[in-house]
Amino acid sequence: MRQFLLGAFASLFLSLPLVAQREDLTQDQKFFDQQKTLYQQWLDHSGLGKTLHVRTLEVESQQVALYLAFPFENADSVQAAWVQLKKDYKVLNTGLTLEQALFYKMQHLMELRESVANIQLYDTYDTRKEPCFYRGIYVKDDTFRVDSSGCKSKVVDIYMSPSDLKSARKPSNGAFQKQYTQQYVFDKIHQFAKQRYERNTCTGRNPKVSAPHIDGNIMRFEVTDLCKEVLKDTKNNDFCEFLNKYVKPCNWIQREKLTFTFIYQPKDNAFQLKCELEGKVGSGYYDQVGRGGYLDMEIDFDGYLTDYANKLQYELKEILR
């Protein structure tokens, strides 16, 4: 199961009294499992059970995580259901947010201190898929917190016809259609991506462009282990700069991952190419960022991703001419 906010919880545990650190919550596994059933009954009784159900409970020595799931795994449907659920709960006027209600009921039923409980929700629990929707509900430093991410893409459209080509002698409509087939365009774009991204621009990073996955008129691929691609002005922290200067090469700049989806649509004597760009950012401290270790750029870096998508639109059109 995914590791949830490992760094945050690690620092949290260090601040707990020594007596609390010795408490082993796994000894009460049977009790927690019983309360998990009661939690589901509460969801059903409150009307929340139509949208949410308890998927599993994970008990560690110093942490109890309750995983809730939706009755479907389509990210858009999950997002819409969550928004509606929050609206419906707000109407009840309980004085609590939906997130607070979910968390405090868990704490009450399972008799846990706030600092050792957390609730997590994902759109999918299929380990073969990257989760899109995510909510993490917990308390840290006596402050109630909700971490979130969601898959929102930047969309750019490229329209190409014979008049858009660079050559002085424009091809006929027939020649244009014969050359600019879907396969030709997809090959051109993927080749451009490998040349564009598989360069060592930062110490210790090895960007890779995945093989294209083509389904009908849709092509998808990912670019991983990027550095200062979208987030141009990110910097190493001071300690890493010290290591660079006096000890050894060090690069803790955030890792970036880009996911591209291209949709090819033939038009009369032309074609339209829709590009959806999704960006994620993860820690630069670890050599590898595991699944669930990335957060969506749209949360904190929306402006960066928008600017990047706009510039990319012109680059793509240029390589196709």
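Placed above this text is the structure.
Thresholds applied
- Residues numbered from 1 in each chain as written.
- Predicted model: local features only at pLDDT ≥ 70, side-chain atom pairs only at ≥ 80, totals over all residues.
- Heavy atoms only, no water.
- Salt bridge = Lys/Arg side-chain N within 4 Å of Asp/Glu carboxyl O.
- Helix = DSSP H or I, 4+ residues; strand = E, 2+ residues; numbered from the N terminus.
- Buried < 20%, exposed > 50% of the residue type's maximum accessible area, 1.4 Å probe, protein only.
- Pairing = 2+ DSSP bridges.
- Polar contact = N/O pair within 3.5 Å; in protein donor to acceptor, adjacent residues only side chain to side chain.
- Axes fitted to C-alpha atoms, helices over the stretch in contact; angles between N-to-C directions.
- Parallel < 35°, antiparallel > 145°, perpendicular 65-115°, else oblique.
- Left-handed = near helix turned anticlockwise from the far one by under 90°.
- Contact = heavy atoms within 4.5 Å.
- Nonpolar A, V, L, I, M, F, W, Y, C, P; charged D, E, K, R; others polar.

## Some points on the pattern of salt bridges
Inference 1: All chains considered together, the criterion is met by eight salt bridges.
Inference 2: Among the salt bridges present, the one from glutamate 99 reaches lysine 86, with a minimum N-O distance of 2.9 Å. Separated by 13 residues along the polypeptide, glutamate 99 in helix H5 (residues 98-110) and lysine 86 in helix H4 (residues 75-91) bring together distant segments of the chain.
Inference 3: Residue class for glutamate 99 comes out buried when judged on its relative accessible area of 7%.
Inference 4: Of the charged contacts in the structure, one is a salt bridge between glutamate 315 and arginine 196, with a shortest N-O distance of 3.0 Å.

## A word on unusual backbone geometry
Inference 1: Even without being a glycine, asparagine 93 presents a positive backbone phi close to 55 degrees.
Inference 2: Checked against the element boundaries, asparagine 93 lands in the loop between H4 and H5.
Inference 3: Judged by relative accessible area, asparagine 93 falls into the exposed class, the value being 66%.

## With respect to the pairing of strand E2 (residues 63-69)
Side-chain direction in a regular strand flips from residue to residue, so the side chains alternate between the two faces of the sheet.
Inference 1: In terms of residue burial, E2 counts as a mostly covered element, since seven of its seven residues are buried.
Inference 2: With burial as the criterion, each face of E2 is covered, one bearing Gln63, Ala65, Tyr67 and Ala69 and the other bearing Val64, Leu66 and Leu68.
Inference 3: One ladder, built from seven bridges, connects strand E1 (residues 53-60) with E2; its direction is antiparallel. Along E2, the bridge assignment pairs histidine 53 with alanine 69.
Inference 4: Two successive antiparallel strands, E1 and E2, enclose a turn made up of two residues.
Inference 5: Pairing between E2 and strand E3 (residues 117-122): five bridges, direction parallel.

## Some details on the side chain of threonine 124
Inference 1: Tracing the sequence through the fold places threonine 124 in the loop between E3 and strand E4 (134-140).
Inference 2: Among the polar contacts listed, one links the side chain of threonine 124 to the side chain of glutamate 73, at a separation of 3.1 Å.
Inference 3: Here aspartate 126 takes part through its backbone nitrogen, which lies 3.1 Å from a polar atom of the side chain of threonine 124.

## What to know about the packing of helix H3 (residues 29-46) against H5
Inference 1: Direction vectors running N to C along H3 and H5 enclose 140 degrees, while the axes themselves pass 9 Å from each other. Taken together, the axes of H3 and H5 are oblique relative to one another. Seen along the crossing, H3 lies across H5 with a hand that is right-handed. Residues Phe31, Phe32, Gln35, Lys36, Leu38, Tyr39, Trp42 and Leu43 of H3 form the contact with H5, whose participating residues are Ala101, Leu102, Lys105, Met106, Leu109 and Met110.
Inference 2: When its residues are assigned to classes, the contact of H3 with H5 shows 11 nonpolar, one polar and two charged.

## Brief notes about the pairing of E4
Inference 1: Among the seven residues of E4, seven are classified as buried, and the element is accordingly described as predominantly covered.
Inference 2: Judged by which residues are buried, E4 turns out to be covered on both faces: Tyr134, Gly136, Tyr138 and Lys140 on one side and Arg135, Ile137 and Val139 on the other are all buried.
Inference 3: In this structure, E3 lies alongside E4, joined through five bridges in antiparallel fashion. Across the sheet, the residue bridging to tyrosine 122 is tyrosine 134, located in E4.

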